Amino acid sequence: MKKLGLHWQILIGMIAGVVIGYAMLQISGGSQFVKDWIKPFGTIFIRLLKLIAIPLIIASLIKGIADLRDISKLSSMGLKTIGLYLATTVIAITIGLTLVNIVDPGNKISQENRTELMAQFEGDANKKIDVAASTKGQGPLQALVDMVPDNFIGAATSNRNMLQVIFFVVFFGIGIVLIDEKKSAPVKAFFDGVNEVILKMIDLIMLASPIGVFALLASLVVESPSADVFIALLWYALTVVTGLAIMLLVVYPLMVKLIAKKDAGFFLKGISPAQLLAFSTSSSAATLPVTMERVEEHLGVDSEVTSFVLPIGATINMDGTSLYQAVAAVFIAGALGVDLTLTDQLTIVLTAGLASIGSAAVPGAGMVMLVIVLGSIGVPEAGLALIFAVDRPLDMCRTMVNVTGDAAVSMAVAKWQGLLGEPKEKKWDDHYTA
Ligand code: ASP
């Protein structure tokens, strides 16, 4: 009998998680049961994925760069990648701004709901504002300074320092290419081997993914706020989701079709397990190992491209987040009665772009950086309380778009570099020894 595809297994896990979560809500003590006995499995699953992220980046990026024959290839790939990342982010923000100006959800929220939301979520919003405050006082080049670690071991101890790790590893890889081959061969062979081991570990973790997403969704359902607050924010949430859907179903498939010459169906089917995982975990960083596996094995992108484009994309390319930040900023301004000029809207394009680059690839990070967008257009940051209730489901959706955007860009870059082949659809080990 043919085994059920992984994306189906994950989908079944998700649906079962939601159903059981709701059922448990109806039973007294049910939600505590979920928190005590089901949620830990979700937490373990996310931990396993995060655990593998830094070793994966180190091994695969060193392997990818060391395989390059000359360094100029790296810079041409780098320029294409950054160019496409910026272009997709600007497209996303433009779509978000257009939709939010048409729908104008800020005017659709009643005075009563507004007061209630502000009162209910004020405390939570303040926490995010405090976190953002530490970022705000820094100079314009701080992001660049932050990219350069002063201690490699220090950088590798936190998943939040992914860019620092990437910096070191790219530098190390360049060193390997530039030294005598006799000396570099054993180093390359070592990281080749490490890479294979890590890919095998990802395979093993993914065997548990249906159970992991089941546990994650069941605990999300029992911990989410009541349905009433969702209804008050329906127009806002719908605007964000519509924008994200346009990115997912129109912009990326079009990009893949026009540049990589592959069909939408092929692309979406290949990337779907990573999308489902992004939705369940709300973290691009946690999803990265799976995104890399899918893009390489199922979309036919060479590891030289994936090992470079995807870890960087997971950290800086967040189209879904930038779109959401643009919509949320205009929504909050509207709800609080702040009029936005054309200059304000252009400021949003710039600050939402930068804020999405600065957002960490973890749950809720986009909302922290939204504080900076609000500040730049003079909207009171306390307005964050308005959107708190629906942030988690929107985070799940925007993370899905963030991950899909990285995958689409890596296909385009691979095509331009002549490194887009046919999907392997084999096990990692077959592929790597082939
Ligand atoms: N959770 C998102 C991500 O990991 C970031 C965000 O909060 O928008 O991609």
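Scroll up for the structure.
What should I look at first to understand empty space enclosed by the protein in this one?
Gaps between atoms show up when a probe of the same size as a water molecule is rolled over them. All chains considered together, the criterion is met by 4 cavities of 30 Å³ or more. Its boundaries defined by the atoms lining it, the largest cavity holds a volume of some 90 Å³. If you trace the largest cavity, you find 16 residues lining it, with Thr 321, Val 362, Asp 395, Thr 399 and Asn 402 closest to the centre. When contributions to the lining of the largest cavity are tallied by element, the ones reaching two or more residues are α17 (365–376) and α19 (391–416). The element that contributes the greatest number of residues to the lining of the largest cavity is α19, accounting for 4 residues. A per-class count over the lining of the largest cavity returns 5 nonpolar, 9 polar and 2 charged.

What should I look at first to understand the pattern of salt bridges in this one?
Any two side chains of opposite charge can pair, on the condition that their charged atoms come close. All chains considered together, the criterion is met by 9 salt bridges. Of the charged contacts, one joins Asp 203 and Lys 200 as a salt bridge, the two residues approaching to 3.9 Å between their closest N and O atoms. With Asp 203 and Lys 200 both in helix α8 (residues 181–207), this residue pair falls 3 residues apart, about one helical turn. Its relative accessible area of 12% is what places Asp 203 among the buried residues. Residue Lys 200 is classed as partly exposed on the basis of its relative accessible area, which comes to 33%. Note that Arg 398 and Asp 395 form a salt bridge whose closest N and O atoms lie 3.5 Å from each other. In this pair, Arg 398 and Asp 395 both sit in helix α19, 3 residues apart, roughly one turn of the helix. When its relative accessible area of 1% is taken as the criterion, Arg 398 is described as buried. Relative accessible area serves as the criterion here: at 4%, Asp 395 is assigned to the buried category. Salt bridges linked by common partners bring Asp 391, Asp 395 and Arg 398 together as one network.

Sorry, what's going on with the layout of surface pockets here?
In this model, the largest pocket occupies a volume close to 1700 Å³. Along the walls of the largest pocket sit 49 residues, with Ala 143, Asp 146, Ile 357, Gly 358 and Ser 359 positioned nearest its centre. Those elements giving two or more residues to the lining of the largest pocket turn out to be α3 (71–103), α4 (111–136), α5 (142–147), α7 (162–178), α14 (303–316), α16 (342–358) and α17. Among the elements that line the lining of the largest pocket, the one with the most residues is α7, at 6 residues. Partitioning the lining of the largest pocket into residue classes produces 31 nonpolar, 14 polar and 4 charged.

Where do I start with the nonpolar core in this structure?
A general feature of soluble globular proteins is that nonpolar side chains tend to end up buried together. Core analysis: the biggest nonpolar cluster contains 128 residues, and Tyr 236, Ile 348, Leu 370 and Ile 387 have the highest contact counts within it. For this core, the leading source of residues is helix α2 (residues 30–66), giving 13 residues. Not counting the four nearest positions on each side in its chain, Ile 348 is found in contact with Leu 97, Ala 326, Ala 329, Val 330, Leu 340, Gly 353, Val 373 and Ile 377. Grouped together as the second largest cluster of nonpolar side chains are 6 residues, Met 24, Val 34, Ile 38 and Ala 218 included.

Could you clarify how one ought to interpret the site of the ligand in this entry?
The environment of the ligand is made up of 16 residues, and the closest members are Ser 284, Thr 321, Gly 366, Asp 395 and Arg 398. Between the ligand and Thr 321, the relevant distance is 2.6 Å, taken from an oxygen atom to a side-chain nitrogen or oxygen of the residue. Side-chain polar atom of Asp 395 to a nitrogen atom of the ligand: 2.8 Å apart, as the coordinates give it. Look at the ligand: alone it shows 270 Å² of surface, and the protein chains cover 100% of it. Cavity membership is defined here by more than half of the atoms lying within 2 Å of grid points; on that basis the ligand lies in the largest cavity. At the level of elements, α17 and α19 are the ones that each hand at least two residues to the shell around the ligand.

How do you make sense of the environment of Ala 365 when you look at a structure like this?
Along the chain, Ala 365 falls in helix α17. In this structure, the C-alpha to C-alpha distance between Ala 365 and Asp 395, residues 30 residues apart in sequence, is 8.9 Å. Residue contacts for Ala 365: discarding those within four places in its chain leaves Ser 359 and Ala 360.

Help me understand the packing of helix α9 (residues 209–223) against helix α12 (residues 264–281) in this model?
In a packed pair of helices, the relevant descriptors are the angle between the two axes and the axis-to-axis distance. In the contact formed by α9 and α12, the axes pass within 9 Å of each other and the chain directions differ by 35 degrees. Seen from above, α9 lies across α12 with left-handed handedness. Judged by residue contacts, Val 213, Leu 216 and Leu 217 of α9 engage Leu 277, Ser 280 and Thr 281 from α12. Residues of the contact of α9 with α12, tallied by class, amount to 4 nonpolar, 2 polar and no charged.

Reading guide: rules and limits
Residues numbered from 1 in each chain as written. Predicted model: local features only at pLDDT ≥ 70, side-chain atom pairs only at ≥ 80, totals over all residues. Heavy atoms only, no water. 1 Å grid on protein atoms, 1.4 Å probe; cavity = no way out; pocket = protein on both sides within 12 Å on 5 of 7 lines; lining within 4 Å. Points joined across faces, edges and corners; volume = space filled by probe spheres on them. Helix = DSSP H or I, 4+ residues; strand = E, 2+ residues; numbered from the N terminus. Nonpolar A, V, L, I, M, F, W, Y, C, P; charged D, E, K, R; others polar. Salt bridge = Lys/Arg side-chain N within 4 Å of Asp/Glu carboxyl O. Buried < 20%, exposed > 50% of the residue type's maximum accessible area, 1.4 Å probe, protein only. Core = buried A, V, L, I, M, F, W, Y, C linked by side-chain atoms within 4.5 Å. Contact = heavy atoms within 4.5 Å. Near = heavy atom within 4 Å. Polar contact = N/O pair within 3.5 Å; in protein donor to acceptor, adjacent residues only side chain to side chain. Areas by Shrake-Rupley, 256 points an atom, 1.4 Å probe, with all protein chains shown as cover. Sits in = over half its atoms within 2 Å of the grid points. Axes fitted to C-alpha atoms, helices over the stretch in contact; angles between N-to-C directions. Left-handed = near helix turned anticlockwise from the far one by under 90°.

Distances and angles like these do not, on their own, reveal function.
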